[in-house]
2 protein chains.
Amino acid sequence: VIASYQPDEHYSFIMPPTLTVFERAPDGGRGLTRDMAVRWALEEAGQSYSTHQISFQYLKGPQHKSAHPFGQIPLYQENKLNLFESGAIVLHIAETHKILLPDDANARSRVIAWMFAALSTLEAPIVERSNAYRFEREESWYEARMPRLNERVRYRLRDFSAYLGEKEWLEGEFGAGDVMVIAILRWLKGSELLEEHANLAAYVARGEARPAYKRAFEAQLALFTKASQGA
Amino acid sequence: VIASYQPDEHYSFIMPPTLTVFERAPDGGRGLTRDMAVRWALEEAGQSYSTHQISFQYLKGPQHKSAHPFGQIPLYQENKLNLFESGAIVLHIAETHKILLPDDANARSRVIAWMFAALSTLEAPIVERSNAYRFEREESWYEARMPRLNERVRYRLRDFSAYLGEKEWLEGEFGAGDVMVIAILRWLKGSELLEEHANLAAYVARGEARPAYKRAFEAQLALFTKASQGA
């Protein structure tokens with residue numbers, strides 16, 4: 001039925017996914033923006049991708065919000081899919097490429113639990129601490145609040161360190177849970193909080209030593225460097 | 001091979017799952033504890049379950065932490081599976097019962113994106129605001145900070161309200177994304193923040209009107225009422 005033929009539908013199946021990222025990463029290329037976990041998963045999958053680099057202004061404009069409800073990065077586009085939330089994108093990549101997830105259904109659910117834990121239970125106090133630094137650093141209460149915020153982070157890290165123990169990865173093989181947890185723990189680099197637990201610092205270092213991580217890191221750094229030089 | 005026969009393995013397959021919850025819910029039975037979304041999904045599935053009611057003291061003790069890395073509720077136990085994180089538990093229930101998720105792979109990924117959005121993007125400012133109320137209500141800076149925290153919540157709700165528009169549910173049929181998003185939006189009940197968007201208040205009310213929601217709400221309320229009377 002020629003009338004319903006859509007060229008886009010054909011080409012979309014052979015096009016690699018597009019990842020929308022900041023044209024000028026606010027983290028200085030340290031791999032702390034939300035596209036890092038997605039890039040990492042794509043590299044683990046050996047899946048090439050293109051990037052669409054956008055400004056902060058475009059981020060909050062109507063065109064981007066028509067594809068991403070909250071006007072954020074990353075946005076992952078593939079075929080007819082507009083996908084947001086780094087955890088959901090990594091899970092999608094893991095499922096479509098059959099990587100980073102165990103075959104056993106129970107083990108798979110455990111890995112997904114760690115993905116949610118990364119983005120909720122572990123991340124919540126880390127983000128709250130970051131928000132204080134970003135938005136309230138000049139306020140009179142900043143110094144008084146910071147020790148408490150550090151304690152909230154420590155409270156989670158103690159439990160997580162106890163769980164991890166001497167395990168190499170969270171649930172047997174390296175998986176999507178490790179990608180998400182390591183990506184958020186990296187927000188603590190440069191504070192003393194991560195280094196208080198030798199096993200957590202070593203766990204993050206093991207993740208960063210993976211070839212796929214290194215390729216992902218270099219790709220986001222190259223983009224930042226280019227943006228800085230081109231300005 | 002008789003030596004490897006484990007009676008537990010046999011019985012576990014016919015036992016309904018067990019949900020570990022607070023023996024005395026800190027929310028006064030308003031359905032704001034993290035087991036609510038899981039109970040709701042179980043009711044949507046028509047899956048019976050038993051509850052294991054634990055004290056705060058037990059929650060943080062070694063026995064519970066051996067099953068739940070962060071010493072939290074809910075803990076979901078089924079067969080040989082110990083599952084934590086309400087989002088992962090709801091996703092597990094949706095997958096095993098083939099409910100609350102679309103068949104189409106892209107649509108399914110979008111629903112999962114909303115589950116992550118609920119527990120991360122939407123929840124983060126709501127939890128930060130709740131933390132201020134819980135932990136810093138008596139501090140000198142509380143009054144000065146609260147308007148900002150309200151603004152961070154509003155910032156997300158504006159985008160979410162714009163996305164939802166006049167849709168009945170997030171992605172076509174009622175699904176796991178709606179369960180998680182409505183569960184977290186309910187934390188705002190009693191503030192003016194939710195009611196500022198008529199479509200969001202109506203969306204939450206539609207969720208609460210579902211028979212499965214009502215059964216879940218009554219079950220957690222009954223437990224709270226019993227605990228209060230029995231004390």
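Everything that follows concerns the structure shown earlier in this document.
Small disclaimer: the values here were computed from a predicted structure and weren't measured.

## Comments concerning the relation of the copies chain B and chain A
Then, in step 1: Expressed as a screw operation, the relation of chain B to chain A combines 0.0 Å of axial shift with a rotation of 180°, fitting to an RMSD of 0.0 Å. Considering both components of the superposition, the chain copies are consistent with a two-fold axis. The rotation axis passes nearest to the C-alpha of Ser120(B) in chain B, at a distance of 2.8 Å.
Then, in step 2: Here 100% of the contact residues of chain B are again contact residues in chain A; the copies associate through an equivalent surface.

## With respect to the interface of chain B and chain A
Then, in step 1: Taken together, the contact between chain B and chain A spans 47 residues of the former and 47 residues of the latter.
Then, in step 2: Across the chain B to chain A interface the summed buried area is about 4300 Å²; carbon plus sulfur atoms make up 56%.
Then, in step 3: For chain B, the biggest contributors to the area lost against chain A are Phe70(B), Phe116(B) and Trp141(B); these three give 17% of the whole.
Then, in step 4: The interface formed by chain B and chain A holds 10 salt bridges in total.
Then, in step 5: In this structure, the salt-bridge partner of Arg152(B) is Glu136(A), at a minimum N-O distance of 3.0 Å.
Then, in step 6: Inspection of the chain B/chain A interface yields 22 residue pairs in polar contact (both at pLDDT 80 or more).

## Comments concerning the sheet that holds strand E3 (residues 75–78) of chain B
For sheets, the rule is that strands pair by backbone hydrogen bonds, running either parallel or antiparallel.
All names here are of chain B.
Then, in step 1: Ordered by their spatial adjacency, four strands build an open sheet running E2-E1-E3-E4, and the pairing between neighbours is mixed. Both edges of this open sheet fall to strand E2 (50–54) and strand E4 (81–83), since each of them pairs with a single strand only. Averaged over all pairs of adjacent strands, the angle between strand axes in this sheet comes to 25°, irrespective of strand direction.
Then, in step 2: Sheet topology note: the strand E1 (residues 18–22)/E2 ladder contains five bridges and is parallel. Each residue of the ladder has a partner; that of Val21, found in E2, is Gln53.

## Overview of the side chain of Asp35(A)
Then, in step 1: By secondary structure assignment, the location of Asp35(A) is in helix H2 (residues 35–45).
Then, in step 2: Apart from the residues within four sequence positions on either side, Asp35(A) is in contact with Leu19(A), Val21(A), Ile73(A), Pro74(A) and Gln220(A).

## Side note on the side chain of Asn131(B)
Then, in step 1: With respect to the helices and strands, the residue Asn131(B) is situated in helix H6 (residues 105–135).
Then, in step 2: Taking the relative accessible area as the measure of exposure, Asn131(B) reaches 10% and is therefore buried.

## Structural notes on the sheet that holds strand E3 (residues 75–78) of chain A
All names here are of chain A.
Then, in step 1: The four strands lie next to each other as E2-E1-E3-E4, forming an open sheet whose pairing is mixed. Of all strands in the sheet, those bounded by a partner on one side alone are strand E2 (50–54) and strand E4 (81–83). The mean inter-strand angle of the sheet, taken between neighbouring strand axes irrespective of direction, is 25°.
Then, in step 2: In this sheet, E4 lies alongside E3 in antiparallel orientation, the contact comprising three bridges. Residue pairing for E4: Gln77 is matched across the bridge by Asn82.
Then, in step 3: Together, strand E1 (18–22), E2 and E3 form the strand contacts of H2, whose direction differs from that of E1 by roughly 150°.

Definitions and limits used
- Residues numbered from 1 in each chain as written.
- Chains lettered and ligands numbered in written order.
- Predicted model: local features only at pLDDT ≥ 70, side-chain atom pairs only at ≥ 80, totals over all residues.
- Heavy atoms only, no water.
- Least-squares fit on C-alpha atoms with pLDDT ≥ 70 in both.
- Contact = heavy atoms within 4.5 Å.
- Buried area = accessible area lost by both parts, 1.4 Å probe.
- Salt bridge = Lys/Arg side-chain N within 4 Å of Asp/Glu carboxyl O.
- Polar contact = N/O pair within 3.5 Å; in protein donor to acceptor, adjacent residues only side chain to side chain.
- Pairing = 2+ DSSP bridges.
- Helix = DSSP H or I, 4+ residues; strand = E, 2+ residues; numbered from the N terminus.
- Axes fitted to C-alpha atoms, helices over the stretch in contact; angles between N-to-C directions.
- Buried < 20%, exposed > 50% of the residue type's maximum accessible area, 1.4 Å probe, protein only.

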